Amino acid sequence: MTIRITWARAIAAIVALALAGLLFAWSGVFNIAASSGHWKVTDWFLHWTMRNSVRTHAAFTVPDDPKAREGLVSAAGLFKASCALCHGAPGVRPLPVMQAATPPAPDLAVNAREWTDKQIFWILKHGVKYTGMPGWAAKDSDDEVRRMVAFVRLLPEMSPATYRALTEVPGSTDARIATCAGCHGIDGRGRGQPDMPVLGGQSSAYLRGALEAYATGKRQSAVMANAAATLTPAEMTRLADHFAAMPGVGAIKPAGSVEAARIDREGLPKVQLPACASCHAPGKPYPVLAGQRASYIAQRLRNWRGDETVVDARKSQYTMPVIARRIPKEMIDPVAQYLAGH
């Protein structure tokens, strides 16, 4: 018997299959429990699809310099607080409850070897659907992602002692201060890290306001948002008072090139660039920059400037990104060094 295929029969077959699929989903027969795991063929297909997707998107969308060359302390601090629970860390086992997920989070000391730097960058920035791997929790923070790429790349060879040295600083019996000191140091000087600001000497009101802004998402930083999210108002005040009482910014007077001094004191009226000192002097509601770490200032300004290939109108129009784009590119380092007193 020959069955004649017509458009009507083809459409009817498609509708029947769709209705059968909906009926199967409605019935609840399919087991979605994480404890049931995947069939081997399902697990293979999903991972194969994921790897192909990461490879393709990383090749076309990730910058050619996806890994930072310094500043591992902040990445290590975020990893300890947010990533080690699932992935484990050198000398630290992942939580059993997190390993009961489907699929379980991989051991990065092994898994990191299987990916290129560009692919790790893409995974960290965008996350992976249906795996529990989130995207990066702050927009326009590629500098943070680059530092995490560098940290993850070192995990296969990292010893427990090195991991503890990156994430812990002895000297405080206060658990909250000790956690912050892991990145910022007990003295608030950032443990000498180029991406860490000097907190000592800033006003308590400014530091508390910054913590509130990070906790509520008004300021963007995956590292600081994670650190501030669980703080109570009383803890924010206590931390702000602690670091504000330390010596730091304001103790060193700006010094450097004449051109940088002009930008600090007078700005550049021709390009509508206000003077740095008009907002960032002692007594103002904004952070004091005199004596701040030069590398930190320069990094922040470059990050605010954004991708040079993107037109200005498509970039952030908040105050500091606009100001950073008005500073001549060649003057970023001189201005940063001047404010630091170099």
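Thresholds, definitions, all that
Residues numbered from 1 in each chain as written. Predicted model: local features only at pLDDT ≥ 70, side-chain atom pairs only at ≥ 80, totals over all residues. Heavy atoms only, no water. Phe/Tyr/Trp six-rings, centres within 6.5 Å; stacked < 30°, edge-to-face > 60°. Buried < 20%, exposed > 50% of the residue type's maximum accessible area, 1.4 Å probe, protein only. Lys NZ or Arg CZ within 6 Å of the ring centre and 35° of its normal. Axes fitted to C-alpha atoms, helices over the stretch in contact; angles between N-to-C directions. Helix = DSSP H or I, 4+ residues; strand = E, 2+ residues; numbered from the N terminus. Left-handed = near helix turned anticlockwise from the far one by under 90°. Contact = heavy atoms within 4.5 Å. Nonpolar A, V, L, I, M, F, W, Y, C, P; charged D, E, K, R; others polar. Salt bridge = Lys/Arg side-chain N within 4 Å of Asp/Glu carboxyl O. Patch = residues over 30% accessible without salt bridge, like charges linked within 9 Å, V, L, I, M, F, W, Y side chains within 5 Å. Areas by Shrake-Rupley, 256 points an atom, 1.4 Å probe, with all protein chains shown as cover. Parallel < 35°, antiparallel > 145°, perpendicular 65-115°, else oblique. Core = buried A, V, L, I, M, F, W, Y, C linked by side-chain atoms within 4.5 Å.

Enquirer: Would you mind showing me how to read the packing of aromatic side chains here?
Expert: Aromatic rings in a pair are described by how distant their centres are and how their planes are angled relative to each other. Counted by the stated rule, this structure contains six aromatic pairs. Taking 6.4 Å as the distance between ring centres and 50 degrees as the angle between the ring planes, the aromatic pair formed by Trp44 and Phe45 counts as tilted. Looking at Phe45, the relative accessible area reads 43%, which means it is partly exposed. Ring pairing ties together the aromatic residues Trp44, Phe45 and Trp48, which thus form one cluster. Across the ring face of Trp304, the terminal group of Arg300 is positioned such that the distance to the ring centre comes to 5.0 Å.

Enquirer: Any chance you could explain the packing of helix H14 (residues 294-305) against helix H16 (residues 332-340) here in plain terms?
Expert: A pair of packed helices can be characterised by two numbers: the angle between their axes and the separation between those axes. At a minimum axis distance of 8 Å, the contact between H14 and H16 shows a crossing angle of 145 degrees. Note on packing geometry: the crossing formed by H14 with H16 is right-handed. Contacts from Ala294, Ile297, Ala298, Leu301, Arg302 and Arg305 in H14 reach Ile332, Asp333, Ala336, Gln337, Leu339 and Ala340 in H16. Its residues placed into classes, the contact of H14 with H16 shows eight nonpolar, one polar and three charged.

Enquirer: Is there a simple way to think about the pattern of salt bridges in this case?
Expert: Two side chains that carry opposite charge are able to pair once their charged atoms sit near each other. By the definition in use, this model includes 17 salt bridges. For Arg51, the salt bridge identified is with Glu114, shortest N-O distance 2.8 Å. Within this pair, whereas Arg51 is found in helix H2 (residues 40-61), its partner Glu114 is found in the loop between helix H5 (108-111) and helix H6 (117-126), the two being separated by 63 residues in sequence. Residue Glu114 is classed as partly exposed on the basis of its relative accessible area of 45%. As a salt-bridge pair, Asp143 and Arg147 come within 3.4 Å of each other at their nearest N and O atoms. Placement of the pair is Asp143 and Arg147 together in helix H7 (residues 142-154), with a separation of four residues, close to one helical turn. Summarising the burial analysis for this pair, Asp143 and Arg147 share the class buried.

Enquirer: When you look at a nonpolar patch on the surface in this model, what are you seeing that I'm missing?
Expert: Side chains of Trp39, Val41, Trp44, Phe45, Leu46 and Trp48 sit close together on the surface and give an oily, nonpolar patch of about 740 Å² of accessible area. With respect to the helices, strands and loops of the structure, Phe45 is situated in helix H2.

Enquirer: Explain the packing of H6 against H7 to me, please; I cannot follow it from the model alone.
Expert: Running from N to C, H6 and H7 cross one another at 125 degrees; their axes reach a closest spacing of 9 Å. The angle between H6 and H7 places the two elements in the oblique class. Classified by chirality, the crossing of H7 by H6 is right-handed. Between H6 and H7, the residues in contact are Asp117, Ile120, Phe121, Leu124 and Lys125 and Asp142, Val145, Arg146, Met148, Val149, Val152 and Arg153, respectively. Of the residues in the contact of H6 with H7, the class split is seven nonpolar, no polar and five charged.

Enquirer: Is there a simple way to think about the environment of Asn226 in this case?
Expert: With respect to the element layout, Asn226 can be found in helix H11 (residues 222-228). Its relative accessible area of 30% is what places Asn226 among the partly exposed residues. With 144 residues separating them along the chain, Asn226 and Ser82 place their C-alpha atoms 7.8 Å apart.

Enquirer: Would you mind going over the nonpolar core with me for this structure?
Expert: As a rule of thumb, nonpolar side chains are buried together in soluble globular proteins. In terms of nonpolar packing, the biggest core is built from 36 residues, with Phe79, Leu124, Trp136, Met148, Phe151, Tyr163 and Leu166 touching the most fellow members. For this core, the secondary structure elements donating two or more residues are H2, helix H3 (72-87), H6, H7, helix H8 (160-167) and H11. With seven residues, the top contributor of residues to this core is H3. Not counting chain neighbours up to four residues away, the residues in contact with Trp136 comprise Leu78, Leu124, Lys125, Ser141, Glu144, Val145, Met148 and Ala222. Core analysis: the second largest hydrophobic core is formed by 20 residues, Ile263, Leu273, Ala324 and Met331 among them.

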